[in-house]
Amino acid sequence: MVQKVSVQGIQIEILQIAGHAAPMGPTLVFLHEGLGSIALWRDWPAQLCQRLGCAGLVYSRRGYGQSDPVPDVRGPSGQTAGLRHGRLLPDYMHHEALSVLPALLQTLGIVRPVLLGHSDGGTIALLHARHFEVAACVVMAPHVVVEDISVTAITAAREAYEKGPLRQRLAPFHADVDCAFWQWNEVWLSAAFRSFDIRPELAGLTAPLLAIQGENDPYGTLAQIEDIAVRVPQTQLLKLPNCGHSPHRDQPEAVAQGIAAFIQSL
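1. Observations concerning the packing of aromatic side chains
What characterises a pair of aromatic rings is the spacing of the ring centres plus the angle enclosed by the ring planes.
Then step 1. A complete count under the given rule lists 10 aromatic pairs for this structure.
Then step 2. Arranged with centres 6.0 Å apart and planes meeting at 85°, the rings of Phe-30 and Trp-44 form a pair that is edge-to-face. Pair noted here: Phe-30 is in strand β3 (residues 28–31) and Trp-44 is in helix α2 (residues 44–52), with a separation of 14 residues, a long-range link. For the pair formed by Phe-30 and Trp-44, the shared burial category is buried.
Then step 3. Each ring, one from Phe-181 and one from Trp-182, has its centre 4.9 Å from the other, and the planes form 85°; the classification is edge-to-face. For the pair Phe-181 and Trp-182, a shared accessibility class is recorded, and that class is buried.
Then step 4. Counting every residue linked through ring pairs, the aromatic cluster contains Tyr-92, Trp-188, Phe-193 and Phe-196.
Then step 5. Directly above the aromatic system of Trp-182 lies the positively charged group of Arg-74, at a separation of 3.7 Å from the ring centroid.

Okay, here's the thing in structure tokens:
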């Protein structure tokens, strides 16, 4: 059942999935993409947890799904009583990985999870795993550096949101769809974000790591996961043909098999 918990003064939407075959095993923590939410994962987390026999946690970050929105999301960035408001800052994924996620896991009593992140969620997973103890980390289409291809695709997404069908398609999945879209789109297209690069931070990430990327991803090239492998030598790479930015939707069986083999090898 979807419910809400208070984390750092914010109401966060969560979904907890019970484990079956291995109830004492690690919890899979699903970290969504830049326009994602619990609802947009659909039933994939539950299916994967059932396949692996693991418990799961899915949550919507602030401003997404049914979690609390960000006040004045297109206004100047600032803080009031310790809570951020206005446009996201270029460190927004660091803030999620190093402040919000640890607080959420502590609130729910989850230790040494397996992080499973998609896109922005993959970046958040990498940053968290670099600084906190995790059992393992799985990232799908993560962003470790800003590429021109990413900016081009996100610019096209803005056009589709303002003049095309994207807003209508996203609206059922977010309580405040404009908050969800603009907090992601505006920070990615800001001049300050062009220098975003976490590659130097990855050295020292010691957890087992599986990095998955579609060969036809319009939001990033294979260099994203190849650069991870250069700095994190225990990385296993899974490159998928005929696959775009969402491997779990484009190649669900290949992704499930890859994750299952990775988890079972731990």
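2. Some details on the side chain of His-94
Then step 1. Assignment of secondary structure puts His-94 in helix α3 (residues 92–108).
Then step 2. At 2.9 Å, the side chain of His-94 forms a polar contact with the side chain of Glu-201.
Then step 3. Among all residues touching His-94, those that are not within four sequence positions of it are Ser-99, Leu-127, Phe-196, Ile-198 and Glu-201.

3. Things to note about the nonpolar core
Then step 1. Membership of the largest hydrophobic core comes to 61 residues, with the highest contact counts inside it found for Leu-126, Phe-181 and Trp-184.
Then step 2. With residues up to four places along the chain from it excluded, the contact list for Leu-126 reads Cys-137, Val-139, Pro-142, Val-144, Ile-198, Leu-202, Leu-205, Leu-209 and Ile-228.
Then step 3. Grouped together as the second largest cluster of nonpolar side chains are 27 residues, Trp-44, Cys-243, Ala-256 and Ile-259 included.

4. Brief notes about the sheet that holds strand β1 (residues 2–7)
Then step 1. Taking strand neighbours across the sheet as the criterion, the 8 strands line up as β1-β2-β4-β3-β7-β8-β9-β10 in an open arrangement whose pairing is mixed. Two strands lie at the open edges of the sheet, namely β1 and β10 (235–240), each paired on one side alone. On average, each strand axis in the sheet is inclined to that of its neighbour by 20°, with strand direction left out of account.
Then step 2. For strand β7 (residues 114–118) and strand β8 (residues 136–140), the ladder comprises 5 bridges, and the chain directions are parallel. Bridged to Leu-116 within β8 is Val-138.
Then step 3. Strand contacts of helix α9 (residues 223–231): β9 (209–214) and β10, with the helix running at about 165° to β10, the strand carrying the most contacts.

5. Details of the state of the cysteines
Then step 1. Under the defined criterion, the tally for this structure stands at 0 disulfides.
Then step 2. The thiol of Cys-49 is unpaired, and the distance to the nearest cysteine sulfur, on Cys-54, comes to 6.6 Å.
Then step 3. A residue is classified by how much of its surface remains accessible, and Cys-54, at 4% relative accessible area, is buried.

Basis of the calculations
Residues numbered from 1 in each chain as written. Predicted model: local features only at pLDDT ≥ 70, side-chain atom pairs only at ≥ 80, totals over all residues. Heavy atoms only, no water. Phe/Tyr/Trp six-rings, centres within 6.5 Å; stacked < 30°, edge-to-face > 60°. Helix = DSSP H or I, 4+ residues; strand = E, 2+ residues; numbered from the N terminus. Buried < 20%, exposed > 50% of the residue type's maximum accessible area, 1.4 Å probe, protein only. Lys NZ or Arg CZ within 6 Å of the ring centre and 35° of its normal. Polar contact = N/O pair within 3.5 Å; in protein donor to acceptor, adjacent residues only side chain to side chain. Contact = heavy atoms within 4.5 Å. Core = buried A, V, L, I, M, F, W, Y, C linked by side-chain atoms within 4.5 Å. Pairing = 2+ DSSP bridges. Axes fitted to C-alpha atoms, helices over the stretch in contact; angles between N-to-C directions. Disulfide = S-S within 2.5 Å.

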